[in-house]
Structures are given as C-alpha cells and as structure tokens.
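Summary of the model geometry
Residues per chain, in single letters:
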Amino acid sequence: MLLGLVAGSLVCMRVTAAVGGTGGRVHGQGQYTIQIDSAHPLLKVYRAGELYRTYRVALGKSDSQTPIGEWRIVEKHKDWGGGFGTRWLGLDVPWGTYGIHGTNRPASIGSFASHGCVRMSNQDVEQLYDMIPVGTPVTIRGNPLAHLRTLEYGNIGADVQLVQKRLCEAGFYDDPCHGKFDAPTQFALIYFQITHDLPMDGQVTIDDYRALGLAQSNSTTGSAGVPGTKIKSLG
C-alpha cells in the first residue's frame, strides 16, 4: 500500500516539564469565550456574550496555519520560558499540541509568524491567564482550504480533518476525524479514488478535492492559484 513517512514532529510540542500548572481538565464557568479570525491577528475575549477585551497576537504562517475549529482551553501552565514566554493555555486540538502562549519575540505580534500557536505579548498573556479558566471555549474561524496543498500520508491539519469528514459523509471512512492523515485515511481515500475513476495514488490532489465537493471548476484562476479551480466557501 502507498504509505509515506509519518511527520517528524508536532507543532509547538511540549519540550519541558511545566511549572506551576493548574492540572486537571475541569470545565470553565461559561462566562468567557475566545474568538480568533485566522485572517486577522487579533484575539477577542467575550464576557457574557459581550466583547470584553481585544489583544493583538501572532498567528500561524501559511504553511503552518493556526488550527481552525471549535476548541477549549484544557490546561494552563506558567513559566515555560523561551519561545513560549511566561504563560501557556493549551487547546484540545486532536492532531497536535497547540496553545495560546507568550513569546520571546514580541516584534512578531501582529503578524503571521508562528508554527500554528497563538502568540501574545507576555504582559497580555499573563492578563489572559488570570482571566480565563480551563474549559473556556475557543473558536478559530477561517477556511482550512485557503492555502490549498496536496495531502499525503503523515500530513496533519484542519484540511485533513475536512477531507476525513467528507469521506465519512460519503460512506468511505468511519474512523475518528482527527486531522491526521494515517493509514485508515489513506485506505479510505484509495477506495474513493477507485470508485470515482481517479488516479489511485493515495494523495489528495485538486481532482480529489473536486470529487469530494471541496473545489469546483471555474473559468479563471481560483483562490488557491490553480487554473480552473475555485475553492468552495466553508463559512
């Protein structure tokens, strides 16, 4: 079977034991929510449904996007140091270790410079840390296919999760939609390719995106820069 190599490392991996962690996975009080638009490096805190605070942040680069989806804060830790700054608020993203954290590169705030995590100034993240309980919902909005790529074994991300969901809806995949391009995902994709007269290469290319209903033909160059392709709106 066509299998690639598993991706070498996860993004923003925990590299040292945390100091001063809250521990546990208790639920938040429901008073606060966090919203981030992946196209704009701002983090907005809502309290009881009303906008309460807005912070400038740094988000993921085009090849390491901040994970789009509905998440929760599942852990809080202090003083990891280095690139993580003075505070860490971890998210329950299934395909890797991502979080909201401080930074030793304050000049990057306001840009798209991270490996997928949400960077804040240390001063701001310390304020957020004291405000936000574990269990707080975090919504990161955006289009997982805004930067279309060929998907293959070992890839991770919201675009992989979206393909898994489409394969599941079509009856080809019944494993967890966890955003990891693993062996069951590749097997389901190859079965899909066979039944749709597509090249049986175990990769998601533009023809597969189209067959899955995630891209459509267009007379002009689409948003992904692929001639004759338009990415469907997911918003």
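Everything in this summary refers to the structure shown in the same document. Note that this is a predicted model, so its numbers are computed, not measured.

Moving on, we get to the overall build of the chain. Looking only at helices and strands, one finds 4 helices and 12 strands in the chain. By residue count, 43% of the 235 residues in the chain fall in the buried class. For the chain, the proportion of contacts with a sequence separation of at least 24, taken over those separated by at least 6, is 55%. Only carbon and sulfur atoms are counted for the fraction: they give 50% of the accessible area of the chain, which is about 11600 Å².

Here we take up the nonpolar core. Counting residues in hydrophobic clusters, the biggest one holds 31 residues, and the most contacted among them are Ile34, Leu43, Val45, Ile100, Met120, Leu128 and Ile132. Where this core is concerned, the elements lending two or more residues are β1 (32–37), β2 (42–47), β5 (69–78), β6 (87–91), α1 (122–131) and β10 (137–141). For this core, the element with the most residues is α1, which contributes 4 residues. Contacts of Ile34, omitting those with residues within four sequence positions, involve Leu43, Lys44, Val45, Ile100, Leu128, Ile132, Thr136, Pro137, Val138 and Thr139.

As a further point, take the pattern of salt bridges. Summed over the entire model, instances satisfying the criterion amount to 4 salt bridges. A salt bridge links Asp79 to Arg87; the nearest nitrogen and oxygen atoms lie 3.6 Å apart. Note that Asp159 is salt-bridged to Arg149, the shortest N-O span being 2.7 Å. Residue Asp159 is found in helix α2 (residues 158–169), and its partner Arg149 is found in the loop between β10 and α2; the two are separated by 10 residues along the sequence. Overall, Arg149 belongs to the partly exposed group, its relative accessible area being 31%.

Turning our attention to the side chain of Thr86. Position of Thr86 among the secondary structure elements: in the loop between β5 and β6. With residues near it in sequence (within four places) discarded, Thr86 still touches His77, Lys78, Asp79, Gly102, Asn122, Val125 and Glu126.

Within the fold, Asp208 resides in helix α4 (residues 206–211). For the buried Asp208, no salt bridge exists, and the shortest N-O distance to an oppositely charged side chain is 10.0 Å, to Arg210. Here Gln193 takes part through its side chain, which lies 3.2 Å from a polar atom of the side chain of Asp208. In this structure the side chain of Asp208 is engaged in a polar contact, spanning 2.9 Å, whose partner is the backbone nitrogen of Thr205. Excluding its chain neighbours within four sequence positions, the residues that come into contact with Asp208 are Leu189, Gln193, Leu198 and Gln203.

The next point concerns the packing of aromatic side chains. For the structure on display, the rule yields 7 aromatic pairs. Judged by centre distance (6.2 Å) and plane angle (55 degrees), the ring pair of Tyr32 and Tyr52 falls under tilted. Remark: Tyr52 occurs in strand β3 (residues 50–56) and Tyr32 occurs in strand β1; sequence separation between them is 20 residues. Classification of Tyr52 as partly exposed rests on a relative accessible area of 26%. Geometrically, the ring pair formed by Phe172 and Phe192 is edge-to-face, given 5.3 Å between the ring centres and 85 degrees between the ring planes. Here Phe192 lies in helix α3 (residues 183–195) and Phe172 lies in the loop between α2 and α3, a separation of 20 residues in the sequence.

Turning next to the sheet that holds β6. Strands sit in the order β3-β2-β1-β10-β5-β6-β7-β9 across an open sheet of 8 strands; the sheet is mixed. Among the strands making up the open sheet, the edge pair consists of β3 and β9 (118–119). The pairing of β6 with strand β7 (residues 99–101) spans 3 bridges and is classified as antiparallel. Paired with Leu89 across the strands is Ile100, a residue of β7. Relative to the sheet, α1 contacts β1, β2, β3, β5, β6 and β7, its axis offset from that of β3 by approximately 150 degrees.

This paragraph deals with the environment of Asp159. A residue is classified by how much of its surface remains accessible, and Asp159, at 5% relative accessible area, is buried. As for Asp159 and Pro67, which are separated by 92 residues in sequence, their C-alpha atoms are 9.5 Å apart. Setting aside residues no more than four positions away along its own chain, Asp159 makes contact with Pro144, Leu145, Arg149 and Leu151.

The rules behind each value
- Residues numbered from 1 in each chain as written.
- Predicted model: local features only at pLDDT ≥ 70, side-chain atom pairs only at ≥ 80, totals over all residues.
- Heavy atoms only, no water.
- Helix = DSSP H or I, 4+ residues; strand = E, 2+ residues; numbered from the N terminus.
- Buried < 20%, exposed > 50% of the residue type's maximum accessible area, 1.4 Å probe, protein only.
- Contact = heavy atoms within 4.5 Å.
- Areas by Shrake-Rupley, 256 points an atom, 1.4 Å probe, with all protein chains shown as cover.
- Core = buried A, V, L, I, M, F, W, Y, C linked by side-chain atoms within 4.5 Å.
- Salt bridge = Lys/Arg side-chain N within 4 Å of Asp/Glu carboxyl O.
- Lys, Arg positive; Asp, Glu negative; His and termini not counted.
- Polar contact = N/O pair within 3.5 Å; in protein donor to acceptor, adjacent residues only side chain to side chain.
- Phe/Tyr/Trp six-rings, centres within 6.5 Å; stacked < 30°, edge-to-face > 60°.
- Pairing = 2+ DSSP bridges.
- Axes fitted to C-alpha atoms, helices over the stretch in contact; angles between N-to-C directions.

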